[in-house]
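Residues per chain are reported as follows:
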Amino acid sequence: MQLFRKLCLGVTGGSLLLLIVGLLGSTAGLWQAAAVGLAVSFSVGMGAIPALQNYQYTGWIVTAVVCGMIYPSAFLEWGSFDLRHPWVILIVVQLVMFGMGTQMSVDDFSGLATSGRGVLIGLLAHFSVMPLVGFGLTQLFGFDPEIAAGVILIGSCSGGLASNVMVYLARSNLVLSVTMTAMSTLVAPFMTPLLMKLLSGTLIEVLFVDMMMQIIKIVIIPIGAALLYDYLKKASGKGWRIVKILSWISAVWLSALPLGLWNVLSGILPPALLQSAGMVGFVGSAILAGVGYYWLTVRFPKTDEIMPYISMFGIVYFTTVTTAAGREHLLTIGLLLFAAAIIHNTAGYVFGYGLARLSGLDKNSARAIAFEVGMQNGGMASGLAGSMGKLGTVGLASAVFSPWMNITGSILANYWRKQQLADEESDLTVEQKQEAYASKV
């Protein structure tokens, strides 16, 4: 594998040369193909460079943007199949969220007992600083209404699991980070629609209940399925019996819906109750998915190792599709949107860290909150934009902001990691330093 990565680095050099030749000769076909080849080969080849290994995922996100910009028609429709169809986006985002959820645990919520104050401070900062900064940027740059709504949307979303990875790399307060991600996800169905209604209600139509239901479908349902899987790994006999009963009820309900039950319900239930009946179907699907995934991991233990890659593929998928759908907008406002991403992300880190320190939290906790405030769930924003049928406008901000958040998060995490290691070393006693030196020798 390492040899293949090194070969890809060689291809990167050749692609760069062809790109330059194509640009100088104004040969569109040559430079376009060379640009895609350069992005793909470098994303693979980065794995052969130790200093860049942590940035491979970001490399693939950038590759997705390059492909979507250069060959947009290839990522919009395949024959009669619409890659932007709301149901396709919903399923892909649910897979992403489920994959992320498999990296969570029911125990993550137990961190409230020890990190309650930090979580409260972090949540207040997360759901105030980021949406307000996003709103301010839309006024500053004068974006079109739907683009502006997308900027506010990503600022109003919950935290993503990428922040947990960054906190882990920075050797900061991981318990606080994981608990805050779990809690921001839990309150997102209420907070995100509320903030969107208040800050972008004049830009696009925001239906509070509909958006709440979409967030439950996109985020809560798949993560709930993943948490059920985690619960089953150590469930008691009684717990298993309850889950089996719920599984049978779910299977019967889901089987009956396409056989005429849904048509019956549509004729007798008002819209609100019909929507609730549909949500019951999603909950039933989550129960079956959690149980099914548990049995799959029992038979194929390496499944757990594959799921994060499926999540990454999903993010690359809707980044590519979003970029392709919004290409014309990116050509006109791409640089302004990128500038907004830089300001928004930086403000999250600065205000998150500053407010945490002013509240009396230690450095490690403040660093964790900085990542939680500065990094949002781009998948959730893309999923909501897709459900509105506005992936190329409302979803555009998430396509630009997400890669930038991953780049800066990785850089900041490595910087803080070095600082933490230096602090730990300075705290060692003379005897401990001598023992550590002797062990190296």
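Residues numbered from 1 in each chain as written. Predicted model: local features only at pLDDT ≥ 70, side-chain atom pairs only at ≥ 80, totals over all residues. Heavy atoms only, no water.

Participant: An account of the overall build of the protein chain is needed here, citing residue identities and associated values.
Facilitator: Assigned secondary structure in the protein chain consists of 18 helices and two strands. Taken over the C-alpha trace, the protein chain has a radius of gyration of 23 Å; the compact-globule value for 441 residues is 22 Å, and the two agree within 12%. Reported as C-alpha extents along the three principal axes, the dimensions of the protein chain are approximately 75 × 65 × 50 Å. Across the 441 residues in the protein chain, those meeting the buried criterion constitute 49%. Accessible surface, the protein chain: about 21,000 Å² in total, of which carbon and sulfur atoms supply 70%. Charge-centre separation for the protein chain: the mean point of 23 positive side chains lies 5 Å from the mean point of 20 negative side chains. (Helix = DSSP H or I, 4+ residues; strand = E, 2+ residues; numbered from the N terminus. Rg over C-alpha atoms; globule rule 2.2 N^0.38 Å. Buried < 20%, exposed > 50% of the residue type's maximum accessible area, 1.4 Å probe, protein only. Areas by Shrake-Rupley, 256 points an atom, 1.4 Å probe, with all protein chains shown as cover. Lys, Arg positive; Asp, Glu negative; His and termini not counted. Charge placed at Lys NZ, Arg CZ, Asp CG, Glu CD.)

Participant: Describe the environment of Val 151, naming the residues involved and giving the relevant values.
Facilitator: Summarising the element assignment, Val 151 is placed in helix H6 (residues 145-156). For the pair Val 151 and Thr 138, spaced 13 residues apart in sequence, the C-alpha to C-alpha distance is 7.2 Å.

Participant: So what's going on with the nonpolar core? Residues and values would help.
Facilitator: In this structure, Leu 337, Phe 371 and Phe 401 are the most contacted members of the largest nonpolar core, which totals 104 residues. When residues of this core are assigned to their parent elements, the largest contribution, 13 residues, is made by helix H9 (residues 208-232). Sequence-distant contacts of Leu 337, that is, excluding residues within four places in its chain, are made with Phe 143, Ile 147, Val 151, Leu 330, Leu 396, Ala 397, Val 400 and Phe 401. With seven residues, the next largest nonpolar core counts Leu 19, Ala 35, Cys 67 and Ile 70 among its residues. (Core = buried A, V, L, I, M, F, W, Y, C linked by side-chain atoms within 4.5 Å. Contact = heavy atoms within 4.5 Å.)

Participant: I'd love a proper account of the pattern of salt bridges, names of residues and values included.
Facilitator: The full count for this structure, using the stated rule, is six salt bridges. Residue Arg 84 is joined to Glu 77 by a salt bridge in which the shortest nitrogen-to-oxygen separation is 3.8 Å. By relative accessible area, which is 43% here, Glu 77 ends up partly exposed. Linking Glu 146 and Lys 390 is a salt bridge whose minimum nitrogen-to-oxygen distance equals 2.9 Å. Separated by 244 residues along the polypeptide, Glu 146 in helix H6 and Lys 390 in the loop between helix H16 (378-388) and helix H17 (396-426) bring together distant segments of the chain. Given the relative accessible area of 26%, Lys 390 is considered partly exposed. When salt bridges that share partners are traced, they join Glu 77, Asp 82 and Arg 84 into one network. (Salt bridge = Lys/Arg side-chain N within 4 Å of Asp/Glu carboxyl O.)

Participant: So what about the side chain of Asn 164? Which residues, and what values?
Facilitator: Position of Asn 164 among the secondary structure elements: in helix H7 (residues 162-169). The buried category is assigned to Asn 164, whose relative accessible area is 9%. Setting aside residues up to four positions removed in sequence, Asn 164 forms contacts with Leu 174, Ser 177, Val 178, Thr 181 and Glu 372.

Participant: Describe unusual backbone geometry, and please don't skip the residues or the numbers.
Facilitator: At Ser 26, a residue that is not glycine, the phi angle is positive and equals roughly 55°. Residue class for Ser 26 comes out exposed when judged on its relative accessible area of 64%. Phi angles above zero are rare outside glycine, and Arg 171 is one such case at about 60°. Structurally, Arg 171 is set in the loop between H7 and helix H8 (174-200). For Arg 171, a relative accessible area of 33% translates into the label partly exposed.

Participant: Which residues make up H8, and what values go with them?
Facilitator: Compared with the 39 Å implied by 1.5 Å per residue over 27 residues, the 33 Å span of H8 between its first and last C-alpha is markedly short. At Ala 188, H8 shows its largest bend, some 65°, and a proline, Pro 189, comes one to four positions later. Two or three places before Val 175, at the start of H8, stands the capping residue Asn 173, its side-chain oxygen 3.4 Å from that residue's backbone nitrogen. (Expected span 1.5 Å × (residues − 1). Bend = angle between axes of the 7 residues up to and from the residue. Polar contact = N/O pair within 3.5 Å; in protein donor to acceptor, adjacent residues only side chain to side chain.)

Participant: So what about the state of the cysteines? Which residues, and what values?
Facilitator: As enumerated under the stated definition, the model contains zero disulfides in all. A disulfide-free cysteine, Cys 8 has its sulfur positioned 14 Å from the sulfur of Cys 67, the nearest such atom. (Disulfide = S-S within 2.5 Å.)

Participant: An account of the environment of Thr 63 is requested, with residue identities and associated values reported.
Facilitator: Examined against the element boundaries, Thr 63 turns out to sit in helix H3 (residues 56-70). Not counting residues within four places of it along the chain, the set of residues in contact with Thr 63 comprises Ala 39, Val 40 and Ser 43. For Thr 63, the side chain forms a polar contact with the main-chain oxygen of Gly 59, separated by 2.9 Å.

Participant: Help me get a handle on the side chain of Thr 319, residues and values and all.
Facilitator: Within the secondary structure layout, Thr 319 lies in helix H13 (residues 303-325). Of note is the side chain of Thr 319, whose polar atom sits 2.7 Å from the backbone oxygen of Ile 315. The residues touching Thr 319, leaving out its near neighbours within four places in the chain, are Ile 61, Ala 64, Val 65 and Ala 399.

Participant: Explain helix H14 (residues 327-358) residue by residue, including any values.
Facilitator: Along its length, H14 reaches its greatest deviation from straightness, about 75°, at Ile 333. Downstream of H14 by a residue or two, Gly 360 has a phi angle that is positive, lying close to 95°.

Participant: Can you lay out a nonpolar patch on the surface for me, pointing to particular residues and giving the numbers?
Facilitator: Residues Trp 87, Ile 91, Leu 95, Ile 306 and Ile 310 make up a contiguous nonpolar surface patch of roughly 480 Å² in combined accessible area. Of all the elements in the fold, those that place two or more residues in the nonpolar patch are helix H4 (86-101) and H13. Looking at the nonpolar patch element by element, the count peaks at three residues for H4. By the secondary structure assignment, Ile 91 is in helix H4. (Patch = residues over 30% accessible without salt bridge, like charges linked within 9 Å, V, L, I, M, F, W, Y side chains within 5 Å.)

Participant: Now, about the packing of H9 against helix H12 (residues 271-299): what can you tell me, with residues and values included?
Facilitator: The geometry of H9 relative to H12 is characterised by a closest axis approach of 8 Å and an angle of 25° between their N-to-C directions. Here H12 runs roughly parallel to H9, going by the angle between their axes. The element H9 and its partner H12 pack so that their crossing is right-handed. Where H9 approaches H12, its residues Val 209, Asp 210, Met 213, Ile 216, Lys 217, Ile 221, Ala 225, Leu 228, Tyr 229 and Leu 232 are matched on the opposing element by Gln 275, Met 279, Phe 282, Val 283, Ala 286, Ile 287, Ala 289, Gly 290, Val 291, Tyr 293, Tyr 294 and Thr 297. (Axes fitted to C-alpha atoms, helices over the stretch in contact; angles between N-to-C directions. Parallel < 35°, antiparallel > 145°, perpendicular 65-115°, else oblique. Left-handed = near helix turned anticlockwise from the far one by under 90°.)

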